[in-house]
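A closer look at the structure
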Amino acid sequence: VAAPFITLTTDFGSRDPYVGIMKSRILQRLADARLIDLSHDITPFRPEEAGFWLWRSAPQFPPGTVHVGVVDPGVGTARALLAVRAGGQLFLAPDNGLLGLVCQAHADAEVLRIERQALARAGITAVSATFHGRDILAPLAAELAAERCRFEQLGAAATPESGRLARAARGKAGEVVGAIAAVDRYGNLLTTVEAGTLGHLRQPVVTLAGRDFPLVATYGAARNGAYVALVNSFGTLEVACVCGNAAEGLSAQWGATVSVHETQAELNGGVNQL
Amino acid sequence: VAAPFITLTTDFGSRDPYVGIMKSRILQRLADARLIDLSHDITPFRPEEAGFWLWRSAPQFPPGTVHVGVVDPGVGTARALLAVRAGGQLFLAPDNGLLGLVCQAHADAEVLRIERQALARAGITAVSATFHGRDILAPLAAELAAERCRFEQLGAAATPESGRLARAARGKAGEVVGAIAAVDRYGNLLTTVEAGTLGHLRQPVVTLAGRDFPLVATYGAARNGAYVALVNSFGTLEVACVCGNAAEGLSAQWGATVSVHETQAELNGGVNQL
Amino acid sequence: VAAPFITLTTDFGSRDPYVGIMKSRILQRLADARLIDLSHDITPFRPEEAGFWLWRSAPQFPPGTVHVGVVDPGVGTARALLAVRAGGQLFLAPDNGLLGLVCQAHADAEVLRIERQALARAGITAVSATFHGRDILAPLAAELAAERCRFEQLGAAATPESGRLARAARGKAGEVVGAIAAVDRYGNLLTTVEAGTLGHLRQPVVTLAGRDFPLVATYGAARNGAYVALVNSFGTLEVACVCGNAAEGLSAQWGATVSVHETQAELNGGVNQL
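Right, let's walk through the structure included here. (Residues numbered from 1 in each chain as written. Chains lettered and ligands numbered in written order. Predicted model: local features only at pLDDT ≥ 70, side-chain atom pairs only at ≥ 80, totals over all residues. Heavy atoms only, no water.)

Focus: the overall build of chain A
Assigned secondary structure in chain A consists of seven helices and 15 strands. In terms of its C-alpha atoms, chain A occupies a principal-axis envelope of roughly 75 × 40 × 35 Å. Every one of the 274 residues in chain A was classed for burial, and the buried ones make up 57%. When contacts within chain A are restricted to residue pairs at least 6 apart in sequence, those whose partners lie at least 24 apart make up 67%. For chain A, the accessible surface area stands at approximately 11000 Å², while carbon and sulfur atoms represent 49% of it. (Helix = DSSP H or I, 4+ residues; strand = E, 2+ residues; numbered from the N terminus. Buried < 20%, exposed > 50% of the residue type's maximum accessible area, 1.4 Å probe, protein only. Contact = heavy atoms within 4.5 Å. Areas by Shrake-Rupley, 256 points an atom, 1.4 Å probe, with all protein chains shown as cover.)

Laid out in structure tokens, this is it:
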């Protein structure tokens, strides 16, 4: 049987040995884990950004994958650590909104608050005040992936912090309202608007910061420098600048509202005739 | 038998999960692939830079290695994807100049245009409009490395785009003329001039942007702050600033011409006597 | 038996293929090595920073781990390469201060100067003038980890360069004096002061650049924006800004002196009464 996947999504950056040390802890407990770095450059203090990427990336991994998310400014305080089972995969993270989108997206998500006794049973006892990613989540991910530790026994059911991002919802006029959830390396603005929520809209137009953008099929469908909206390879709406940087060009802020509505052809026509 | 190597060279950066998701696709099809990141910080819109590194790095890998290059501003347009067999290794990339140097460097390079039917035979069918690295090249690399898919059957022979870099050539006066192909982390200017092309030059001098630089054996051969040229560990000429940053100090541009010629001892002597 | 760990700590950055090529060399000689990147963003020309991370990270790895450090501005000059055995692990690096702290920290550290003949016996013969990490240290790490090459036979005993960082020491008045050894991604200032050297101090206060900082247990113990000192998860003292960037806020320099002393309660009381 193939080795289990364990993914890592953190705000640790790649300058320092923090990620390497988490990997050491995992591989010492599960020598053949298939470790995948999703991102270590999540914006500090923005756990929901990590959660957005986990929500959209998880379907790219097989059942049984264990995802570890560490954006944890509250480490050392009383904040809980969560274990979530959803869509046949496991997610481990602080209870600070990081797993809000993942839990929302799965009606059958099981959410447990990880208890100290469960960690002790898994042989996880030496815990620092400042690096729970290394001391708790990394070894726990290995134990779960190795099936030496059972999800059901990690703790009691809990209600997760929802965080500052929510799945996009349909408004009264039929428009779909979401938010900018991440800005990628190219300056593309990824949103919480899922492709599947747009089916009722004919000729959809995307509004961000007071400007309208056409919905196109590919980057190649518009001239260089044009701003467009498209459904990206993660199945969500994104606003991009063809061969340019939309985040810079639009001065768009993380969390800003994005809405999708039908083209109001008559009104536009009227305006154009002035 | 040892697991096959698959290398990745992209402009995806390391901030976003794009690389991790390509690795997931590869490892789901070939669990023991030895994945090597060459670079994920190729300058966007500069596929030839990726190709330069692939050309110079490939000899550092064993026969049978599959190299994947993704710098793909044309994704979603009609640009082709290429498979190249050269030097006992395979290369997969968009047909946008990325594989120009690799093809030039191997007289026996076989170049195929990847066809949709070949992908379908390999079980590669769900293809997005914006992420062919994930949806086509990653799974195809795994299938080729696993020898479940044969190179010869990928498509018809094609002539690759040559791109904006060429191997350095000997000019009329015996000088060798190349170009800056990459700038590395230290600001060293790597060029297309191969060490093997310089054998006919006695006391070679390197000219870049109107300035001459001596050819030395190692960085340690000159004082700190001096600009020198040397044959680097990739077997090409580079211009460097000892303990400094040549790219900043010389304001050198990617693609700029670099030439190597013999010291004109008499002329220099004359000048010095003035 | 589980595959050996080999860690890499360099100043190569992640833009260029240098790290990937070292990994190729290692994996071609030891296919199942567990490669761990500790950092590739060590400040160029600062080998002691790499050594600090190796010193503090090594206990996070199992016995038999081979650590490779490459910050090597002197490559191509007469500087030696060292092999060190300490704490049941091996360390390979240039003799430029990189392994100073590791050697200081282990009274029984064995230090050998790697000899050309030993390399030849290990099949390491084609050596460039500019990339000893690839041509010597990577293959040697693989040979040592694979136990095809014995540490004792690498060369003669040597005295390592100590470098610009030393373990913190106790001063005449009982204070403990160390230095800033690394600045991490969050701007935390990591020092050479080990937790174990502070036991004799009641109510310790940390002084850096003329300012005093309280020693707290966790980041969460102070308000946002406050500067605090704490013992981090690596067991050394660090100065941090809660939810902020201490390096920027304090304009702290690498190598600057940090001292820890007892609160002078009476004096402070007197001052406060003025």
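Describing the interface of chain C and chain A
The partner chain A presents 29 residues to the 27 residues of chain C that form the contact. Buried surface at the junction of chain C and chain A, summed over both partners, amounts to about 2400 Å²; 57% is from carbon and sulfur atoms. By the criterion of area lost to chain A, the three top residues of chain C are Gln60, Arg185 and Tyr186 of chain C, representing 28% of everything that side buries. The partner of Arg185 of chain C in a salt bridge is Asp41 of chain A, and the shortest N-O contact between them spans 3.9 Å. Where chain C packs against chain A, one counts 13 residue pairs in polar contact (both at pLDDT 80 or more). Elements that contribute at least two residues to the side of chain C that touches chain A include exactly strand 2 (34-39) and helix 2 (47-57) of chain C. Counting residues per element, the side of chain C that touches chain A draws most heavily on strand 2 of chain C, at five residues. Partitioned by chemical class, the residues of the side of chain C that touches chain A number 15 nonpolar, seven polar and five charged. (Buried area = accessible area lost by both parts, 1.4 Å probe. Salt bridge = Lys/Arg side-chain N within 4 Å of Asp/Glu carboxyl O. Polar contact = N/O pair within 3.5 Å; in protein donor to acceptor, adjacent residues only side chain to side chain. Nonpolar A, V, L, I, M, F, W, Y, C, P; charged D, E, K, R; others polar.)

Re the interface of chain C and chain B
The interface of chain C with chain B comprises 29 residues on the first partner and 29 residues on the second. Roughly 2400 Å² of surface becomes buried between chain C and chain B when both sides are summed, with 57% attributable to carbon and sulfur atoms. Counting across the chain C and chain B interface gives one salt bridge. Counting the contacts that link chain C with chain B gives 13 residue pairs in polar contact (both at pLDDT 80 or more). Tallying contributions element by element places helix 1 (residues 18-29) of chain C first for the side of chain C that touches chain B, with eight residues. Its residues assigned to classes, the side of chain C that touches chain B shows twelve nonpolar, ten polar and seven charged.

A word on the side chain of Thr218 of chain B
Considering the arrangement of structural elements, one finds Thr218 of chain B in the loop between strand 12 (211-216) and strand 13 (227-231). Residues within four places of Thr218 of chain B in sequence aside, it is in contact with Leu230 of chain B together with Gly76 and Ala129 of chain C.

Thoughts on the pairing of strand 10 (residues 189-194) of chain C
Consecutive side chains of a regular strand alternate in pointing toward one face of the sheet and then the other. Residue and element names in this part refer to chain C. For strand 10, the buried fraction is high: six of the six residues fall into the buried class. Two strands pair when backbone bridges link them, and strand 9 (residues 176-183) and strand 10 are joined in this way by three bridges, in the antiparallel orientation. Counted as the bridge partner of Val183 is Leu189 from strand 10. Between strand 9 and strand 10, which pair antiparallel and follow one another directly, the connecting turn spans five residues, one of which, Gly187, has a positive phi of 85°. Where strand 10 lies against strand 14 (residues 236-241), three bridges are found, and the strand directions are antiparallel. (Pairing = 2+ DSSP bridges.)

Description of the side chain of His40 of chain B
In this structure, His40 of chain B sits in the loop between strand 2 (34-39) and helix 2 (47-57). At a separation of 2.7 Å, a polar atom in the side chain of His40 of chain B contacts the side chain of Asp37 of chain B. Look past the residues within four positions of His40 of chain B in its chain and what remains in contact with it is Arg185 of chain A, Leu8, Thr10, Asp11, Phe12, Gly13 and Val19 of chain B together with Ser14 of chain C.

Quick word on the packing of helix 1 (residues 18-29) of chain B against helix 5 (residues 132-145) of chain B
Two quantities define a packed helix pair, namely the angle between the axes and the distance from one axis to the other. Residues and elements named next belong to chain B. Relative orientation of the contacting elements helix 1 and helix 5 amounts to 35°, with a least axis distance of 8 Å. Here helix 1 and helix 5 pass one another in a crossing that is right-handed. In this structure, helix 1 contributes Ile21, Met22, Arg25, Ile26 and Arg29 to the contact, and helix 5 contributes Gly133, Arg134, Asp135, Ala138, Pro139, Ala142 and Glu143. In the contact of helix 1 with helix 5, the residues fall into six nonpolar, one polar and five charged. (Axes fitted to C-alpha atoms, helices over the stretch in contact; angles between N-to-C directions. Left-handed = near helix turned anticlockwise from the far one by under 90°.)

Some remarks on the packing of aromatic side chains
Evaluated as defined, the whole model comprises 30 aromatic pairs over all chains. Note on Trp53 of chain A and Tyr18 of chain B: the rings are 5.9 Å apart at their centroids and 90° apart in plane angle, and the pair reads as edge-to-face. With one member in each of two chains, Trp53 of chain A in helix 2 (residues 47-57) and Tyr18 of chain B in helix 1 form a pair that bridges those chains. Here Tyr18 of chain B and Phe131 of chain B contribute two aromatic rings whose centre-to-centre distance is 5.8 Å and whose plane-to-plane angle is 80°, an arrangement assigned as edge-to-face. Residue Tyr18 of chain B is found in helix 1, and its partner Phe131 of chain B is found in the loop between helix 4 (116-121) and helix 5; the two are separated by 113 residues along the sequence. Since its relative accessible area comes to 7%, Tyr18 of chain B is described here as buried. An aromatic cluster is present here, built from Phe12, Tyr18 and Phe131 of chain A together with Phe52, Trp53, Trp55 and Phe234 of chain C joined pairwise through their rings. For the cation-ring pair, Arg211 of chain A lies above Tyr227 of chain A, with the distance from its terminal atom to the ring centre recorded as 5.3 Å. (Phe/Tyr/Trp six-rings, centres within 6.5 Å; stacked < 30°, edge-to-face > 60°. Lys NZ or Arg CZ within 6 Å of the ring centre and 35° of its normal.)

Here's the deal with the relation of the copies chain C and chain B
Overlaying chain C on chain B yields an RMSD of 0.0 Å, the required transformation being a rotation through 120° with an accompanying axial translation of 0.0 Å. Those values place the two copies in the arrangement expected of a three-fold rotation axis. No C-alpha of chain C approaches the rotation axis more nearly than that of Ser14 of chain C, which lies at 5.1 Å. Little of the interface of chain C is mirrored in chain B: 7% of its interface residues are interface residues there too. (Least-squares fit on C-alpha atoms with pLDDT ≥ 70 in both.)

Section: helix 1 of chain B
For helix 1 of chain B, with twelve residues, the first-to-last C-alpha span of 17 Å sits near the 16 Å given by 1.5 Å per residue. Extensive coverage of helix 1 of chain B is indicated by the burial of nine of its twelve residues. (Expected span 1.5 Å × (residues − 1).)

Focus: unusual backbone geometry
Residues and elements named next belong to chain B. Notably, Phe45 is not glycine yet its phi reads approximately 70°, a positive angle. Tracing the sequence through the fold places Phe45 in the loop between strand 2 and helix 2. We classify Phe45 as partly exposed; its relative accessible area is 40%. Positive phi outside glycine occurs at Ser251, with the angle close to 45°.

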